[in-house]
Amino acid sequence: MYGTHGTRGTHGPGSGSVALSVVVPVFDEEEVLPLLVARLRPVLDGGGEPYEVLAVDDGSTDATPRLLEELRTAWPELRVVTLRRNSGHQAALTAGLHRARGAHVISIDADLQDPPEVIPDMLALARADGLDVVYGVRGDRTADSPFKRRTAAVYYRLMRRLAGAHVPAHAGDFRLLSRPVVDTLKALPDQQQVYRLLIPWLGYPSGQITYRREERGAGTTKYPVRRMALLALDSVTSFSAVPLRLATAIGAVSLVVCLAFLAWALTVHATGNTVPGWTSLIITMLFFGAVQLFCLGMLGEYVARIHSAVQARPTYCVAHDTDEAQR
Ligand code: UDP
Ligand code: MG
């Protein structure tokens, strides 16, 4: 991710711009790449508009880099961006989005789980309805493993609660973005960008295209459970301070409980039904436990504010200003 901000503003619509950029993060996909090209190229060539395909090689260690180089000689529209090391799917997407020149940018997985044939439909829908975002929504996930489907269901339910109900369920990273959305995303200093949450949150006019999630064309998944867990963690922490707030809540509850206990301990003490020393001991213990948790929670509140300041997201996003539209 480092250094990507330096590219801001060096290109955009204007010199060398194309109608469509297709961003494909690629990590060790030697087996599926030829299959992808065989299906993607006819679709894009058939569109009859200038396009570019941005393959972001996310530090592949197999024959992928050589293969991409070979493919490029026969396919002038193919552009290869090579990352120095494996940085993860979302980071590879970021690299692609930051460098794409198209008036529309579509991100698609390399493994053919997202059918390239849907691309023209996305473009047509965006143009017909003047949409800035078109989500590819997986209508049928039977091709995914039961484990993947179950975890996905939990993930999307949680995310809709945290990031808002406008997050479309089962919309992954197969989507179309217009140039204004891409430029807005580029301007965000957010580090762990989780696009499937961030983009709905921006609130641009959007539509959906439902498609059937296919089996992986070839090769194996590059998303082991560890990476899935990381994505979930990034998703939660980038949209919610709830885990931090938990300490405050627990602290407040224990303070109340402590007060109740205090009253009870004093009553027991007054009636003399206790060992000497027990009352003062239990009160001190409860009191400090509650105070510590509460202070931790307070620290958490400040950390939460620092966290959101570092993310520096805009508090609003203007859709339209009548005065500017007149110019
Ligand atoms: N990918 C990547 N970097 C990674 C892992 C995956 O660029 O570290 C790419 C991968 O090549 C594919 C896409 O991200 O194009 C989605 O990965 P995959 O299909 O393995 O995930 P799954 O569909 O199993 O969730
Ligand atoms: Mg896949």
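Here, every reference points to the structure presented above.
Keep in mind that what you see is a predicted model, and the values were worked out from it rather than measured. (Residues numbered from 1 in each chain as written. Chains lettered and ligands numbered in written order. Predicted model: local features only at pLDDT ≥ 70, side-chain atom pairs only at ≥ 80, totals over all residues. Heavy atoms only, no water.)

## A short note on the pairing of strand S2 (residues 51–57)
Counting buried positions along S2 gives seven out of seven residues, so the element sits mostly inside the fold. Of the two faces of S2, both are covered, the one formed by Tyr51, Val53, Ala55 and Asp57 as well as the one formed by Glu52, Leu54 and Val56. Note that strand S1 (residues 20–26) and S2 share seven bridges and pair parallel. Each bridged residue has a counterpart across the sheet, and for proline 25 the counterpart in S2 is valine 56. At this point the chain moves from S1, through helix H1 (residues 33–46), to the parallel S2, and the crossover so formed is right-handed. (Buried < 20%, exposed > 50% of the residue type's maximum accessible area, 1.4 Å probe, protein only. Helix = DSSP H or I, 4+ residues; strand = E, 2+ residues; numbered from the N terminus. Pairing = 2+ DSSP bridges. Right-handed = clockwise from strand over helix to strand, strands pointing away.)

## So, the coordination of the magnesium ion (ligand 2)
The protein atoms that coordinate the magnesium ion (ligand 2) are Asp111 (OD) and Gln113 (OE1), at distances spanning 1.8 to 2.1 Å. For the pair formed by aspartate 111 and glutamine 113, the shared burial category is buried. (Donors = N, O, S within 2.8 Å, 3.2 Å for Na, K, Ca; no water.)

## Some words on the site of ligand 1
Every one of the 19 residues lining ligand 1 counts as a neighbour, but Asp58, Asp111, Gln113, Thr221 and Lys222 are closest to it. Contacts to ligand 1 include glutamate 29, whose side-chain N or O atom sits 2.6 Å from an oxygen atom. Protein coverage of the free-state accessible area of ligand 1, which is 530 Å², stands at 95%. Of the residues that constitute the shell around ligand 1, the class distribution is five nonpolar, five polar and nine charged. (Near = heavy atom within 4 Å. Polar contact = N/O pair within 3.5 Å; in protein donor to acceptor, adjacent residues only side chain to side chain. Areas by Shrake-Rupley, 256 points an atom, 1.4 Å probe, with all protein chains shown as cover. Nonpolar A, V, L, I, M, F, W, Y, C, P; charged D, E, K, R; others polar.)

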